[in-house]
Each structure stands twice: as C-alpha cells, then as structure tokens.
Amino acid sequence: FKQKTAYEISACLVGSEMCIRDRYQRRVHGITEQMESVSPLLVELRKLMTEHKVSAYIVSHNDAHSSEYIAAGDERLKFISGFSGSAGVAVVSNDEAFLWTDSRYFLQAPKQLYPGWKLMKMIPEEPYRDYAVWLKDKLPSGSCIGFDPLLFPGKRIDSIGSLLEQNKSTLKPIDENLIDKLWEKKPAASKEAVFVYDIEYSGEASEDRLKKIVDILKRQKCSCGVIAALDQIAWMLNLRGFDIDFNPYFMSYLVVLLEGERVEFRLYADEEKFKDKKVQDHIQKVGVKLFPYEKIMEDLAALDKQTAGIELNSVNFKILSLVRSKDNKVVDLLDVIPKLKQKKNAVELEGFRKCHVRDGVGLIKHIAWLEHQLNALNRTDIDEYMASENVHEFRKAQDKFMGLSFKTIASTGPNASVVHYKPTKETALKVTNKEIYLVDSGAHYLYFCCSP
C-alpha cells in the first residue's frame, strides 16, 4: 500500500473544514489561490516596484543575521501577506503574488493569506517548489528582480543569480526596503539591556572561546573574520539579550582583525544596551571594543587587500558585497563555529539535565491540573488559550526560568492537526476529555534551553 504523508493524514483529520474552505479556494498544481480581489498592500507595493524599475520583488521571513526567529519589526512577510508562519518566502510580480512555505503551514497559510495571494507548496513533487526556479521559468527574459540585500544570505543570492543568468535576468539589491515604506506602524527595535552569562552556566570563559575562533581564522590563513549569526556571537562572548522573542540574543556583528600576533575584536551593537557596569567590565576584560551597530558597513567598506573568513550561509549579501567591493579574498568558514557550539562541556551538560528536570515538572503539573479540572471538577469553560497560559504559569514557577522558547501550541480537536497552531482568545476551542489535546512547548532556563 502507499503510505500516507503527514499532510494527507492531517487533511483527513480536518476533512470537513477543508471541504468548506474549498468553496472559496481553487487548487491547481500545488497552488492555493484566494478567490477574492487584490490586497491594497499589493497595489502599493507594485507602485514602488515600478519606481525602482523591477518586475518582481522577493520578501523573506528573515533578518540581517539569518535568524530562524525574528523580531516583530522584521516580520515583513507577515505584514505584506498576512502569513504568520516561521518559514516562508514571497515573490510579488506585476500581476501575481506567491507565498512559498513547507508542509507545516499548508493548513494555516490559506486561512491567513490576504486577497490576491497564492500558496506554493515546497514539496518534492512540485516543479516550482523553489521560488528561484519559478523566477527563471516564469518571468520574461531579461527581467530585473529586486530584493533587500540585508535579508538574504550571500550564498543564496549567488546561487539565485547564477540560475537567473540562464534567462538573462538579474537581481537588483535595493537598500531601501520596500515593505518598510508601506509599514507605518512598524514595531520599534528592542532597547532591553544585555547581560553577562556567567561562567557558572557557560562552563567556559569568553577568552577561551574567542581564542578558538582566532585559531580557526589563522588555520584558514585569514586576516579577518566577520561573524553575523546572533547565537554564535552570544556564545563566544557569554552575553545574552532580549531583542527577539523566545531567543536570548541581541542584534550585533563581531569582526575579528588579525595583524601578526595582534588581535582586535570589534562588536557592533546598540551601545545603549551595554550601560551595565558588569557588562562593561566583562567586555573590557575580554578585550572587545564596542562600536555602533550601523558602523560595520563603513568599516567593512574600508577593508582592502584582506582575506576575510565569512560563513556564507549566515552573512547577508550586503555584508558580503562590501567585503567583495575591494581587493579582498573571501574564505567560506562553512559550519566550523556551529560545530564548536555543538560540543558541550561538563557544565553545559549538567545544565541541560537540570533544565529538563525543571521543565518536566512544569509540564507534568499542567497536565495534572488539566486532568483534575476536566475529570474531577467537570469544568467546561477551559479553552486552548487558557490551557496555554496555564503551561506558562507552571513553568514560570520553576527555578532559573527565563522565558518560553517558542509560543506554546495548545490545541484540541481539528486544531491539533495544524502543525504550528497558536491559540488566541478569540478563536480558541474548548478543551474537553472527549477529544485529543496536544501541547507542544518549551522554555529557557539559565542552565540551558529545553525546546522539545
């Protein structure tokens, strides 16, 4: 027999709901199309595209550091399309608008997309599962495609550019983000202070971690290194922040300059977040110089005749272009830093165990509470949103709790088949002992992160 995919199973579970939605949607070759007029935002975006002389514009779910989770002010994909999932990319042409996402969001996306948008499924059997192939095949020869160079990894843009050469089309970096020009009430960036992650929890001094990075650069015969991934910078410096929900990171770049035996570490970040004396003492002890976040562009533009170690999968195209603009050589660091992070020391391993014990206590207390409310007290007023809040409360009571690691998924009945379902007060279903109840949640503790 033919084994069903996860999507086919979930479709069966919510078959009646999907039949109702099919009255309003048309599915052809993996595309789900909203049968309505065009969103006003698309109309305005196309006007800006005309001003910039591009026939298509790419919108990613990303930030300048290739983060999986992004700050509210970086949720441009959600703003323009309505889609709130954690993975996706959009292409807007003069007469069409597509959202590409994976199977986790095949049920969610059609409900959220604004009028005029079509869903493209990123599954192997679809010929246009990669938006870059669609750009090559569907746009006229010689097309110009715009994108924000801060929001795409350099390696990905190089790959798309090579593919588009087959159609004699080109990519056009536009520094002025077109979505931001439409976003009047865009959330402001976080101003939360950075704090020192003590060696009691990290198990390794920042000086030792930075030395490992210097050794890597020297082995690669690099005279400098540019690090953009926020988790890597936080790990190297033993610093944490609150710039992104559910992630203990702060917006920053780290540049390492090597000249003989002389080494200089430059951290580019919001200086206002480093006012705490303990933080200032820490970076001074480690030997890190602090510069304004935006100054990295100026400093990299001045690099000349250097060999720069860069992780091309995480450093954005803007940074890469600045390094390439002079007589510099680029060495791809690949995954050498992530591999350093993966090897946990004894303190980290013990912290991992502690946080799982504490997290397990919080989750079991929630399940016991819910069972008591439904079976012993026969309550009928508890809904998914209340249940998700209860999970949070039990976790908060645990020692060293620092916050959730993602928004709790508490779902029942048909909602339990929606992979990344997030309950709200307005739409939450009642939780009963007659239907399946699914809870998927995790939390950060000073010891470690517990994210199932």
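Since this is a predicted model, take the numbers as computed values, not measurements.

For the rest of this paragraph, the subject is the pattern of salt bridges. Scanning the entire structure with this criterion turns up 36 salt bridges. The salt bridge involving K396 is made with E393; its shortest N-O contact spans 3.7 Å. Within this pair, K396 and its partner E393 are both found in helix 17 (residues 384–396), separated by three residues, close to a single helical turn. Owing to a relative accessible area of 43%, K396 belongs among the partly exposed residues under this scheme. Three or more residues joined by partner-sharing salt bridges are found here, namely E259, R262, E264, R266, K289, K295 and D299.

Within the open sheet, the six strands sit side by side as 14-13-12-10-15-16. Their pairing is mixed. At either end of the open sheet lies a strand with only one pairing partner, and these are strand 14 (288–292) and strand 16 (329–332). Each neighbouring strand pair of the sheet contributes to a mean axis angle of 25°, computed without reference to strand direction. Across the face of the sheet, helix 11 (residues 230–237) comes into contact with strand 10 (224–227), strand 12 (252–259), strand 13 (262–269) and strand 14 while running at roughly 60° to strand 12.

The subject of this paragraph is the packing of aromatic side chains. Geometry of an aromatic ring pair is reported as the spacing of the ring centres plus the angle between the planes. Applying the stated rule across the entire model yields 16 aromatic pairs. A centroid spacing of 5.4 Å and a plane angle of 25° characterise the contact between Y268 and F291, whose relative ring orientation is stacked. Taken together, the positions of Y268 in strand 13 and F291 in strand 14 put the pair 23 residues apart, joining distant regions of the chain. Exposure remark for Y268: the relative accessible area of 1% places this residue in the buried category. Given a relative accessible area of 17%, F291 falls into the buried group. Here a set of aromatic residues connected by ring pairs shows up, and it is made of F98, W100, Y131 and W134. The aromatic ring of F106 is capped on one face by K121, whose charged end is 5.3 Å from the ring centroid.

This brings us to the environment of T170. Turning to its location among the elements, T170 is positioned in strand 8 (residues 170–173). Take T170: its relative accessible area is 44%, and that puts it in the partly exposed class. Each C-alpha atom of the pair T170 and N316 lies 18 Å from the other, and the pair is 146 residues apart in sequence. With near-sequence residues (within four places) excluded, T170 lies in contact with S143, C144, I145 and L164.

Moving on, we get to helix 6 (residues 131–138). Side chains of residues three or four places apart in an α-helix project in the same direction, reflecting 3.6 residues per turn. Residues of helix 6 that are buried include every one of Y131, A132, W134, L135 and K136, and no others. Where the residues of helix 6 are buried, they touch strand 3 (56–60), strand 4 (89–93), strand 5 (97–101), strand 6 (118–121), strand 7 (144–147) and helix 7 (154–164). The N-cap residue of helix 6 is D130: its side-chain oxygen and the backbone nitrogen of A132 are 2.9 Å apart.

Let us now look at the nonpolar core. L210, I227, M236, L239, L267, F274 and V288 are the most contacted members of the largest nonpolar core, which has 29 residues in total. Of all elements in the fold, only helix 10 (206–219), helix 11, strand 12, strand 13 and helix 12 (277–286) reach the threshold of two or more residues within this core. With residues up to four places along the chain from it excluded, the contact list for L210 reads M236, L237, L254, F265, V286 and V288.

On a regular strand, one side chain projects to one face of the sheet and the next to the other, so that they alternate. Along strand 12, seven of the eight residues are buried, which leaves the element largely enclosed by surrounding structure. In this structure, strand 10 lies alongside strand 12, joined through four bridges in antiparallel fashion. Note that in strand 12 the partner of C224 across the bridge is L257. With eight bridges connecting them, strand 12 and strand 13 associate as antiparallel partners. Following the sheet pairing, L258 is matched in strand 13 by V263.

Attention now moves to the pairing of strand 8. Pairing between strand 7 and strand 8: four bridges, direction parallel. Of the residues in strand 8, the one forming a bridge with G146 is K172. In this view, the connection linking strand 7 to its parallel neighbour strand 8 by way of helix 7 has right-handed handedness.

What follows covers the confidence of the model for the chain. In the predicted model, the chain carries a mean pLDDT of 90, and 91% of its residues have values of at least 70. Counted against residues more than four places away or in other chains, residues 1–35, with its pLDDT under 50, gives 55 contacts.

Angle between the axes and distance between the axes: these two values describe a pair of packed helices. Where helix 7 meets helix 14 (residues 317–324), the closest approach of the two axes is 8 Å, and the angle between their N-to-C directions is 80°. With respect to helix 14, the axis of helix 7 lies roughly perpendicular. Mapping the contact onto sequence places G154, I157 and D158 in helix 7 and F317, L320 and R324 in helix 14. Taken together, the residues of the contact of helix 7 with helix 14 break down into three nonpolar, one polar and two charged.

Our next topic: the environment of G241. By the secondary structure assignment, G241 is in the loop between strand 11 (239–240) and strand 12. The class of G241 is buried, set by a relative accessible area of 1%.

A few words now on the state of the cysteines. What makes a disulfide is a covalent bond joining the sulfur atoms belonging to two cysteines. Under the counting rule described, the total for this entry stands at zero disulfides. In this model C224 remains outside any disulfide bridge; the closest cysteine sulfur is found in C222, 7.2 Å from its own. Exposure remark for C224: the relative accessible area of 0% places this residue in the buried category.

Right, let's get into unusual backbone geometry. Even without glycine at this site, K53 takes up a positive phi of about 60°. Take K53: it is sitting in the loop between helix 3 (40–51) and strand 3. Here K53 falls in the exposed class, since its relative accessible area comes to 69%. The phi dihedral of K400 falls on the positive side, at around 70°, and the residue is not glycine. The residue K400 is located in the loop between helix 17 and strand 17 (401–404) in this model. The class for K400 is partly exposed, based on a relative accessible area of 28%.

Conventions and cut-offs
- Residues numbered from 1 in each chain as written.
- Predicted model: local features only at pLDDT ≥ 70, side-chain atom pairs only at ≥ 80, totals over all residues.
- Heavy atoms only, no water.
- Salt bridge = Lys/Arg side-chain N within 4 Å of Asp/Glu carboxyl O.
- Helix = DSSP H or I, 4+ residues; strand = E, 2+ residues; numbered from the N terminus.
- Buried < 20%, exposed > 50% of the residue type's maximum accessible area, 1.4 Å probe, protein only.
- Pairing = 2+ DSSP bridges.
- Axes fitted to C-alpha atoms, helices over the stretch in contact; angles between N-to-C directions.
- Contact = heavy atoms within 4.5 Å.
- Phe/Tyr/Trp six-rings, centres within 6.5 Å; stacked < 30°, edge-to-face > 60°.
- Lys NZ or Arg CZ within 6 Å of the ring centre and 35° of its normal.
- Polar contact = N/O pair within 3.5 Å; in protein donor to acceptor, adjacent residues only side chain to side chain.
- Core = buried A, V, L, I, M, F, W, Y, C linked by side-chain atoms within 4.5 Å.
- Right-handed = clockwise from strand over helix to strand, strands pointing away.
- pLDDT = per-residue confidence, 0-100.
- Parallel < 35°, antiparallel > 145°, perpendicular 65-115°, else oblique.
- Nonpolar A, V, L, I, M, F, W, Y, C, P; charged D, E, K, R; others polar.
- Disulfide = S-S within 2.5 Å.

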